[in-house]
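If you want the building blocks of each chain, they are given just below.
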Amino acid sequence: MSIVTVVGNPRAGSRTYEVAVQATQTLAARIGHEGPSEVVDLAALAPVLPAPEPSSEVAAALELVTQASVLVVASPTYKGTYTGLLKVFLDRIRGGALASTVALPLLVMGDARHALAVEVHFRPLLVELGATVPTPGLAVLEAELGDLETVLGRWADRVGPQVAAALREGASA
């Protein structure tokens with residue numbers, strides 16, 4: 001089993017990066033994954049991502065993502081949805097390429113009014129790529145960052161069994 005985190009924040013070292021990595025670690029512990037996980041930080045790929053042909057770095061990131069068993073995809077909320085940088089990256093993945101992947105959308109936001117964006121905008125994008133999205137997405141408010149361990153612990157307790165079940169179903173299919 002491989003777990004990959006994709007961070008769609010254009011700023012390196014962002015809060016979204018920290019939340020995403022911690023969410024992945026928390027979830028991995030709940031589903032019994034003890035191996036390493038990979039992180040695709042799109043801030044590092046931003047200069048080469050829009051090129052007509054994918055660079056070797058982008059191609060490697062795409063392969064990592066399309067081969068993942070579990071994919072945590074995180075973005076800050078921009079204009080009520082995920083970032084354009086994340087969309088550009090995900091647009092390079094052909095429809096159905098994530099058919100064997102369990103994906104979990106995560107948005108970091110400043111205002112609770114954007115909380116539905118994770119379900120209304122983000123989930124459909126991952127489903128279009130073929131991913132199984134067995135749980136509600138996670139909306140993390142900036143005000144919750146000080147208590148992130150508790151927030152992510154509750155989330156992982158709730159979604160861990162669903163992710164484990166989806167992985168079992170995928171393995172038996």
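Quick caveat, the model's predicted, so the values are computed rather than measured. (Residues numbered from 1 in each chain as written. Predicted model: local features only at pLDDT ≥ 70, side-chain atom pairs only at ≥ 80, totals over all residues. Heavy atoms only, no water.)

Caption draft 1: The nonpolar core, seen in detail. The biggest cluster of nonpolar side chains holds 32 residues, and the ones touching the most others in it are V6, V40, V65, L71 and F89. Going through the elements one at a time, β1 (3–7), α2 (42–45), α3 (56–66), β3 (70–76), α4 (84–90), β4 (102–109) and α5 (117–128) are the ones with two or more residues in this core. In terms of residue count, the dominant contributor to this core is α5 (five residues). In contact with V65, not counting residues within four places along its chain, are V4, V6, V40, L71, F89, I93, L98 and T101. In this structure, L27, L106, L148 and L152 belong to the second largest nonpolar core, which totals 25 residues. (Core = buried A, V, L, I, M, F, W, Y, C linked by side-chain atoms within 4.5 Å. Buried < 20%, exposed > 50% of the residue type's maximum accessible area, 1.4 Å probe, protein only. Helix = DSSP H or I, 4+ residues; strand = E, 2+ residues; numbered from the N terminus. Contact = heavy atoms within 4.5 Å.)

Caption draft 2: Looking closely at the packing of aromatic side chains. For the structure shown, the criterion picks out one aromatic pair. With centroids separated by 5.3 Å and ring planes inclined at 40 degrees, the aromatic side chains of Y82 and F122 adopt a geometry described as tilted. Of this pair, Y82 sits in the loop between β3 and α4 while F122 sits in helix α5, and the two are 40 residues apart along the sequence. (Phe/Tyr/Trp six-rings, centres within 6.5 Å; stacked < 30°, edge-to-face > 60°.)

Caption draft 3: Region of the structure containing the pattern of salt bridges. As enumerated under the stated definition, the model contains five salt bridges in all. Note that E119 is salt-bridged to R123, the shortest N-O span being 2.6 Å. On the criterion of helical spacing, the pair formed by E119 and R123 is a turn pair, its members being four residues apart in helix α5. (Salt bridge = Lys/Arg side-chain N within 4 Å of Asp/Glu carboxyl O.)

Caption draft 4: Inspection of α5 at higher detail. In a regular helix each residue adds 1.5 Å, so 12 residues correspond to 16 Å; α5 covers 16 Å between its end C-alpha atoms and thus fits that length. Where α5 is concerned, the buried positions are A117, V118, F122, R123, L125 and L126. One face of α5 carries all of its buried residues, which in axial projection span an arc of 155 degrees. Across from the buried face of α5, at angles greater than 90 degrees, the exposed residues are V120 and E128. (Expected span 1.5 Å × (residues − 1). Arc of directions from axis to C-beta.)

Caption draft 5: Spatial organisation of the sheet that holds strand β2 (residues 37–41). Reading across from one edge, β2-β1-β3-β4-β5 is the order of the five strands in this open sheet, with parallel pairing throughout. Either end of the sheet is taken by a strand with one partner, and the two such strands are β2 and β5 (138–141). This sheet shows a mean twist of 20 degrees between the axes of neighbouring strands, independent of strand direction. Bridging between β1 and β3 involves five bridges; their strand directions are parallel. Of the residues in β3, the one forming a bridge with V7 is A74. Along the sheet, helix α1 (residues 15–30) contacts β1, β2, β3, β4 and β5; its crossing angle with β1, the most-contacted strand, is approximately 165 degrees. Of the strands in this sheet, β3, β4 and β5 are in contact with α5, which crosses β4 at around 145 degrees. (Pairing = 2+ DSSP bridges. Axes fitted to C-alpha atoms, helices over the stretch in contact; angles between N-to-C directions.)

Caption draft 6: Looking closely at α1. Over its 16 residues, α1 runs 23 Å from end to end, which matches the ideal 22 Å to within 8%, given 1.5 Å per residue. If you check which residues of α1 are buried, you get T16, V19, A20, V21, A23, T24, T26, L27 and A28. Phi turns positive, to about 80 degrees, at G32, one or two residues after α1.

Caption draft 7: Quick look at the environment of I31. Relative to the elements of secondary structure, I31 occurs in the loop between α1 and β2. Separated by 128 residues in the primary sequence, I31 and V159 place their C-alpha atoms 9.5 Å from one another.

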